[in-house]
Amino acid sequence: MVCTQCGSKHVVINRKYNGQKLCSSCFRKSIEKQVLKTVKKEKLVTKNDKVLVALSGGKDSVALLKILNILKEKNIIELEALTIDEGIAGYRQEGVRIAKETTAKLGIKHHIVSFEDKYNFTIDKIMELQKKSDNPQHACTYCGVFRRQIFNQIARDIGATKLATGHNLDDEVQSIVMNYLEGNINNMVRIGYKTESSDERFTQKIKPLRKIPEKEIGLYVLESGFEVHFDGCPYAHESFRMEIGDFIREATLKHPTIMYSTLNGFEKIKPAIKKEYLQQQKGSANKTCKKCGEPSSADICKSCKFLDEIYEQLGDEQ
Ligand SMILES: [Zn+2]
Ligand SMILES: [Zn+2]
């Protein structure tokens with residue numbers, strides 16, 4: 001087997017979906033080229049954008065930072081990274097360490113915000129409280145809301161014009177199939193390369209890795225000599241997503257192009273369902289949370305609502 005680009009004998013990947021066999025160097029270049037092409041074609045960034053990368057220290061966000069750094073070095077964009085430490089013992093510390101080292105290596109300004117410093121509790125603590133609750137909520141419910149609030153605030157504080165996340169092809173195809181199967185059209189119309197914000201106070205989110213399979217991102221960071229952590233969050237019992245992920249991976253073995261055809265097919269029907277369904281969403285006017293002043297669809301935002309509940313529970317404990 002030889003590299004179909006340069007003829008080298010050290011092939012690191014055999015892409016069944018397009019017949020390419022690539023050596024380490026040609027493979028890394030092809031990933032970078034593909035991502036930068038997506039960025040350009042979908043207009044994910046424009047010159048002088050200030051991009052804030054959501055950096056967990058996992059393979060996707062590290063790959064994303066490394067590739068966007070190419071645009072930083074060409075003086076096309078400004079780049080900073082944000083790591084959120086939710087306080088998950090035995091899991092997050094490693095990610096924070098890797099995020100620190102990666103940003104230091106690339107010379108990128110790094111922000112770290114912990115739930116502990118900001119809210120005075122950790123997600124571990126919340127989950128302890130949940131065990132005693134009559135109606136326990138999943139960790140992701142809280143995590144998602146608080147993380148979103150922190151990302152929005154930091155993005156605004158530093159004047160970021162884009163917020164980049166490391167969602168890959170597998171993540172996106174899982175979301176598409178899940179929402180199809182659940183009949184959740186409202187969620188489906190929101191899947192895409194970038195968010196179309198309902199409120200200008202929200203920084204636009206972009207997903208430059210959306211066309212790259214998860215496996216290739218893992219290989220890309222390893223071949224680039226970057227350290228990442230592959231552990232999953234201990235609270236991530238998103239069983240339906242995991243089931244769908246297993247099913248898609250299984251199907252891909254026999255049908256190598258299936259993830260691309262799912263994504264491309266979805267992109268084609270999206271304008272039609274959007275036209276039909278976005279109409280129904282009128283009336284969700286943008287308000288301002290009376291407690292924290294953040295944009296919200298209700299008088300009190302979800303984050304403040306959760307915070308009230310949690311502080312009450314914490315108070316009961318003491
Ligand atoms: Zn090659
Ligand atoms: Zn609020």
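Here, the structure is the one placed above.
The rules behind each value
Going along each chain's sequence as written, the residues are numbered from 1 onward. Naming scheme: in the order in which they are written, chains are lettered from A and ligands are numbered from 1. For this predicted model, a pLDDT threshold of at least 70 governs which residues receive local features, and a threshold of 80 or more governs which side-chain atom pairs are given and counted, while totals over whole chains, interfaces and linings are taken from all residues. Only hydrogens and water are set aside when side-chain values are computed; all heavy atoms of the structure are taken into account. Counted as donors are N, O and S atoms no farther than 2.8 Å from the metal, or 3.2 Å for Na, K and Ca; water is not among the atoms, and sites may therefore look incomplete. Four donors are marked tetrahedral only if all angles between them lie between 85 and 135 degrees, whereas four are marked square planar and six octahedral if opposite donors are more than 155 degrees apart and the other angles lie between 65 and 115; the remainder are marked irregular. Only DSSP runs of H or I covering at least 4 residues are called helices, and only runs of E covering at least 2 are called strands; the numbering of each starts at the N terminus. Exposure classes here rest on a 1.4 Å probe applied to the protein chains alone. A residue is buried below 20% of its type maximum, exposed above 50%, and partly exposed in between. Pairing of aromatic rings covers Phe, Tyr and the six-membered ring of Trp, with a centre-to-centre limit of 6.5 Å; geometry is then stacked below 30 degrees between planes, edge-to-face above 60, and tilted otherwise. Only lysine NZ and arginine CZ atoms are considered, and such an atom sits over a ring when it is within 6 Å of the ring centre and within 35 degrees of the ring normal. Note: two strands are recorded as paired if DSSP finds a minimum of 2 bridges between them. Note on definitions: salt bridges are taken to be side-chain nitrogens of Lys or Arg within 4 Å of carboxyl oxygens of Asp or Glu. In this analysis a 1.4 Å probe is tested at points of a 1 Å grid over the protein atoms alone, and where it fits but cannot get out there is a cavity; an open set with protein on both sides within 12 Å along at least five of seven lines is a pocket; lining residues have an atom within 4 Å of a point. Grid points are joined across faces, edges and corners, and a volume is the space filled by probe spheres set on the points. Amino acids are sorted into nonpolar (Ala, Val, Leu, Ile, Met, Phe, Trp, Tyr, Cys and Pro), charged (Asp, Glu, Lys and Arg) and polar (every other residue, Gly among them). Patch definition: residues with relative accessible area over 30% and no salt bridge; like charges joined within 9 Å; nonpolar side chains (Val, Leu, Ile, Met, Phe, Trp, Tyr) joined within 5 Å. For the area figures, the Shrake-Rupley method with a 1.4 Å probe applies, and any residue is considered shielded solely by the protein chains shown. N or O atoms closer than or at 3.5 Å make up a polar contact, with two conditions inside protein: a donor-capable atom paired with an acceptor-capable one, and, for residues adjacent in sequence, both atoms drawn from side chains. Any two residues whose heavy atoms approach within 4.5 Å at even a single point are treated as in contact.

*Asks:* Got a sec to walk through the coordination of the zinc ion (ligand 1)? Specific residues and values, please.
*Replies:* Protein coordination at the zinc ion (ligand 1) comes from Cys3 (SG), Cys6 (SG), Cys23 (SG) and Cys26 (SG), with a distance range of 2.3 Å. Taken together, the four donor atoms coordinating the zinc ion (ligand 1) span angles of 101 to 117° at the metal, a pattern that classifies the geometry as tetrahedral. All donors of the zinc ion (ligand 1) belong to a single chain; written as a sequence motif, their spacing is C-x2-C-x16-C-x2-C. Residue Cys6 is found in the segment before strand E1 (11-14), and its partner Cys26 is found in helix H1 (residues 24-41); the two are separated by 20 residues along the sequence. A relative accessible area of 13% means that Cys26 is categorised as buried.

*Asks:* Describe the coordination of the zinc ion (ligand 2), listing the residues and the values that go with them.
*Replies:* The protein atoms donating to the zinc ion (ligand 2) are Cys289 (SG), Cys292 (SG), Cys301 (SG) and Cys304 (SG), with metal-donor distances spanning 2.2 to 2.4 Å. Taken together, the four donor atoms coordinating the zinc ion (ligand 2) and their angles of 105 to 112° define a geometry best described as tetrahedral. All donor residues of the zinc ion (ligand 2) come from one chain, and their arrangement in sequence is C-x2-C-x8-C-x2-C. You can see Cys289 sitting in the loop between strand E8 (287-288) and strand E9 (295-296) and its partner Cys304 sitting in helix H12 (residues 302-317), a full 15 residues away along the chain. An identical accessibility class is assigned to Cys289 and Cys304; each is buried.

*Asks:* Explain the packing of aromatic side chains to me, using residue names and the numbers behind them.
*Replies:* With the rule as written, the count across this model stands at nine aromatic pairs. Each ring, one from Tyr119 and one from Phe121, has its centre 5.6 Å from the other, and the planes form 10°; the classification is stacked. Residues Tyr119 and Phe121 agree in their burial class; the two are buried. When the ring centre of Phe226 is taken as origin, the NZ or CZ atom of Lys105, which lies over that ring, is 4.4 Å away.

*Asks:* Which residues make up the pairing of strand E4 (residues 78-85), and what values go with them?
*Replies:* Of all eight residues making up E4, six are buried, and the element is well covered by its neighbours. Across five bridges, strand E3 (residues 50-54) lies against E4 in parallel orientation. Each residue of the ladder has a partner; that of Lys50, found in E4, is Glu78. Inspection of the sheet shows E4 paired to strand E5 (residues 109-114) by six bridges, in the parallel sense.

*Asks:* Hey, could you go over the pattern of salt bridges for me, with residue numbers and the actual values?
*Replies:* Scanning the entire structure with this criterion turns up 22 salt bridges. For Asp60, the salt bridge goes to Lys59, with nearest N and O atoms at 3.3 Å. With respect to class, Asp60 is no different from Lys59; both count as buried. Its salt-bridge partner being Glu86, residue Arg147 comes within 2.4 Å of it at the nearest N-O pair. Remark: Glu86 occurs in the loop between E4 and helix H3 (92-106) and Arg147 occurs in helix H6 (residues 139-157); sequence separation between them is 61 residues. On the accessibility criterion, Arg147 (23% relative accessible area) is partly exposed.

*Asks:* Please provide a residue-by-residue account of the layout of surface pockets, values included.
*Replies:* Empty space among the atoms can be located by rolling a probe the size of a water molecule over them. Here the second largest pocket is characterised by a volume of approximately 540 Å³. As for the second largest pocket, its lining consists of 18 residues, of which Tyr17, Pro213, Lys215, Thr252 and Leu253 are closest to the centre. In terms of residue count, the dominant contributor to the lining of the second largest pocket is helix H9 (residues 214-223) (four residues). Among the residues forming the lining of the second largest pocket, the class breakdown is nine nonpolar, two polar and seven charged.

*Asks:* So what's going on with a nonpolar patch on the surface? Which residues, and what values?
*Replies:* Side chains of Tyr180, Leu181 and Ile269 sit close together on the surface and give an oily, nonpolar patch of about 300 Å² of accessible area. Counting through the fold element by element, Leu181 comes out in helix H7 (residues 169-182). On the basis of relative accessible area, Leu181 is assigned to the exposed category, the value being 58%.

*Asks:* So what about the side chain of Thr252? Which residues, and what values?
*Replies:* Mapped onto the elements, Thr252 comes out in helix H10 (residues 239-254). A distance of 2.6 Å separates the side chain of Thr252 from the backbone oxygen of Ile248, its partner in a polar contact. Ignoring sequence-local partners within four residues, the contact set of Thr252 consists of Ile258 and Met259.

These figures capture arrangement, not role.
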